Amino acid sequence: MNHIKKSVRINYTSFIGAVFLCGALPSSALAADITVNNAGELNSALQTAGSGDTIILNDGNYNGNFNINSGGSQNGQLTIRAANQGEAEFNNKITVNARYVTLDGLHFIGAGRIDAKQADFVLRNSSFFNSTATDWFLGNQNMRNSLIENNRFEFKNNKGNMIWLRNSNNSLQNTVVRGNYFKRFDSGGGANGWETLKLGLGSESGTGGFTIENNLFEDANGERENISVKCGDNIVRHNVFLDSSGEVVFRRGENNQAYGNYFIRDDAAEAGGIRIQDRDNKIFNNYFENLPGFAIMLMEGNTDQSVPHYKKVVNAQIVHNTIVNSGGAFEVGQRNAFVAGGTSLPPENSTISNNVVVDTDKVFQFAEFTPVNFTYQGNIRQNSPWGDLNPGGFITSNPQFQNSTINGYQLKTPGGGSPVINGAIGTFAFLTDDLFGNPRNTPDVGAIEVPFTPQTIQPVSASDVGPSLGGGNTVTQRIEAEDYDTQNNTALLNKDGGTVVEMQGGTARYNNVDFGTGVSSVDVRVASQAGNSL
């Protein structure tokens with residue numbers, strides 16, 4: 001017999017308003033807290049809970065698949081929340097078939113995953129670790145006007161996506177993905193289908209209206225497309241891509257924007273930038289440093305411009321970016337090798353203006369065809385060879401960069417006497433502020449305005465993202481182990497036949513996954529008591 005603890009909360013604000021306005025108590029005023037302890041009790045609670053209710057999950061493993069078929073309403077979400085963040089574990093699938101549902105503080109392991117199919121959905125403060133599921137989070141059918149915030153997605157080494165918002169027939173519009181920590185997606189060896197975050201379908205084109213903001217992507221190396229965008233009207237802003245070989249790719253869709261992002265290689269072999277196709281896309285106020293390849297790539301298009309073929313670049317605006325110590329700045333007309341028969345339509349009617357390129361191996365590479373009707377103006381380069389040619393629109397001058405530490409990142413910023421000051425040419429209506437949110441009254445060249453005051457917007461670090469904005473390091477990671485050595489503080493796992501957990505000097509590692517310093521705990525669950533066990 002299931003014993004479910006249930007209490008009632010009164011929403012006093014709604015209650016008072018109801019008394020004065022209509023003299024009746026609205027349905028959302030009486031909100032129940034329903035506490036459950038296991039899978040059976042959770043399934044029972046899902047049959048009765050509704051608008052404004054909160055199902056509280058006590059610590060433990062909730063085995064099996066769960067279907068949420070009734071949710072909340074405009075008066076209140078149905079919330080399913082872990083009593084202790086990260087301590088309610090799910091090994092299989094949660095399917096959300098109802099509107100107004102919030103999942104909060106859950107931990108997905110084994111084959112744990114979410115398939116969300118209805119609007120006004122919220123996922124927050126949750127974590128996915130080494131799940132064997134193909135797609136960890138799948139936004140499907142009608143999941144529009146939803147929010148995915150402050151979650152941690154870590155250690156994926158199989159084909160699929162950490163997040164896929166399918167957007168079939170424009171059904172997922174206006175969803176926001178923010179404040180998440182995407183950490184370690186192992187390489188798929190060059191194969192497709194290993195994107196960290198995918199927006200849209202390869203077989204369609206349409207409008208997404210997604211906002212991807214304030215996320216940290218670290219060691220995201222699944223494939224060349226880290227964020228794959230296959231629909232239009234999306235914004236990718238204020239994200240940090242650290243040691244991630246994948247690129248932000250506007251593969252298909254018009255009116256996409258990427259601004260205020262950081263692409264930084266620290267100690268990895270590879271790191272990617274931005275690659276675009278299609279019409280009316282904008283790339284501005286981005287910072288690129290130490291990339292081995294090109295920072296910004298404008299691709300060729302197919303002669304056949306129908307879906308799913310590659311659309312040619314038209315009316316792109318590449319303005320006010322800063323590129324430092326990289327393999328190249330701009331590659332224009334890159335060939336799409338994956339398409340049978342190649343491609344043959346060069347980019348056209350686009351602008352490369354007011355960018356700064358410093359200590360970079362080459363400024364331009366025209367991969368196959370010379371672009372048509374491009375405008376180059378207001379750009380500055382220093383100690384960077386031209387590459388294929390000098391198209392004009394650049395001056396050679398020292399921007400007088402200085403080293404600045406901003407939220408733990410070492411960045412190059414222009415000094416007080418820099419030639420970037422007030423040097424921009426042309427007016428761009430969308431350009432209202434700089435990389436850090438400072439106003440551009442008389443715009444400077446590059447991503448950063450002088451004087452340099454990074455107060456409004458700063459690059460996110462691990463302490464700014466993930467569950468409860470506590471960074472990815474506050475969530476307890478559970479590891480199933482065969483044995484535990486108390487003397488050496490290590491755990492053994494049969495399938496690997498070696499050490500999988502190390503706690504040394506306050507740093508935790510699992511299968512060479514670095515949880516970082518300051519980890520709250522690594523909970524090793526011992527399956528057998530052999531050897532020097534607990």
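Right above here is the structure, for reference.
Our subject in this report is the structure included herewith. Per chain, residue numbering runs from 1 following the sequence as it is written. Totals for whole chains, interfaces and linings use all residues, but because this is a predicted model, local features are given only for residues with pLDDT of at least 70 and pairs of side-chain atoms are given and counted only at 80 or more. Excluding hydrogens and water, the side-chain figures rest on all heavy atoms present in the structure.

**Quick look at the environment of F330**
For the purposes of this entry, the term helix denotes a DSSP run of H or I that reaches at least four residues, the term strand denotes a run of E that reaches at least two, and both are numbered from the N terminus. You can see F330 is positioned in strand β35 (residues 328–334). Its relative accessible area of 0% is what places F330 among the buried residues. For the pair formed by F330 and G293, sequence separation is 37 residues and the distance between their alpha carbons is 9.7 Å. Those residues in contact with F330, other than ones at most four positions away along the chain, are F294, I296, I318, I323, I352, N355, V357, V363, F364, Q365 and F394. In this scheme, a residue with accessible area under 20% of its type's maximum is buried, one over 50% is exposed, and one in between is partly exposed, where area comes from a 1.4 Å probe on protein chains only. Two residues qualify as a contact provided that any one of their heavy atoms is within 4.5 Å of a heavy atom in the partner residue.

**Comments concerning the sheet that holds β35**
Only strands that DSSP links by at least two bridges are regarded as paired with each other. Ordered by their spatial adjacency, 12 strands build an open sheet running β5-β8-β11-β14-β17-β20-β23-β26-β29-β32-β35-β38, and the pairing between neighbours is parallel. Since the sheet does not close on itself, it has two edges, and those belong to β5 (66–68) and β38 (364–366), each with one partner. In this sheet, neighbouring strand axes are inclined to one another by 10° on average, regardless of whether the strands run parallel or antiparallel. Where strand β8 (residues 93–96) meets strand β11 (residues 113–116), four bridges bridge the pair, whose relative direction is parallel. Paired with V96 across the strands is A116, a residue of β11. Only C-alpha atoms enter the line fits that serve as axes; for helices the fit covers just the stretch in contact. Angles between N-to-C directions range over 0 to 180 degrees.

**Regarding the environment of V36**
Relative to the helices and strands, V36 is located in strand β2 (residues 30–36). When the C-alpha atoms of V36 and L57 are compared, they prove to be 5.3 Å apart, with 21 residues separating the residues in sequence.

**Some words on the pattern of salt bridges**
Salt bridge, as applied in this entry: a Lys or Arg side-chain nitrogen positioned within 4 Å of an Asp or Glu carboxyl oxygen. For the structure shown, the criterion picks out 14 salt bridges. The shortest N-O distance in the salt bridge between E154 and R152 comes to 2.6 Å. Neither residue differs from the other here; E154 and R152 are each classed as buried. Taken together, the shared-partner salt bridges connect R224, E225, E247 and R275 into one network.

**So, the nonpolar core**
Of all hydrophobic cores here, the largest spans 83 residues; its most connected members are I55, L57, F90, L103, F121, F137 and F330. Once you skip the residues sitting within four places of it in the chain, I55 turns out to touch I34, V36, L42, A45, L46, A49, L78, T79, I80 and R81. Take the buried Ala, Val, Leu, Ile, Met, Phe, Trp, Tyr and Cys residues and link them wherever side-chain atoms come within 4.5 Å; each set so joined is a nonpolar core.

**Notes on the side chain of K282**
Note that K282 resides in strand β30 (residues 282–284). There is no salt bridge for the buried K282, and the closest opposite charge comes from D280, which lies 6.4 Å off by N-O distance. The residues touching K282, leaving out its near neighbours within four places in the chain, are F250, N256, Q257, A258, Q317 and F430. By the counting scheme adopted, Arg and Lys are positive, Glu and Asp are negative, and His together with the chain ends is not counted.

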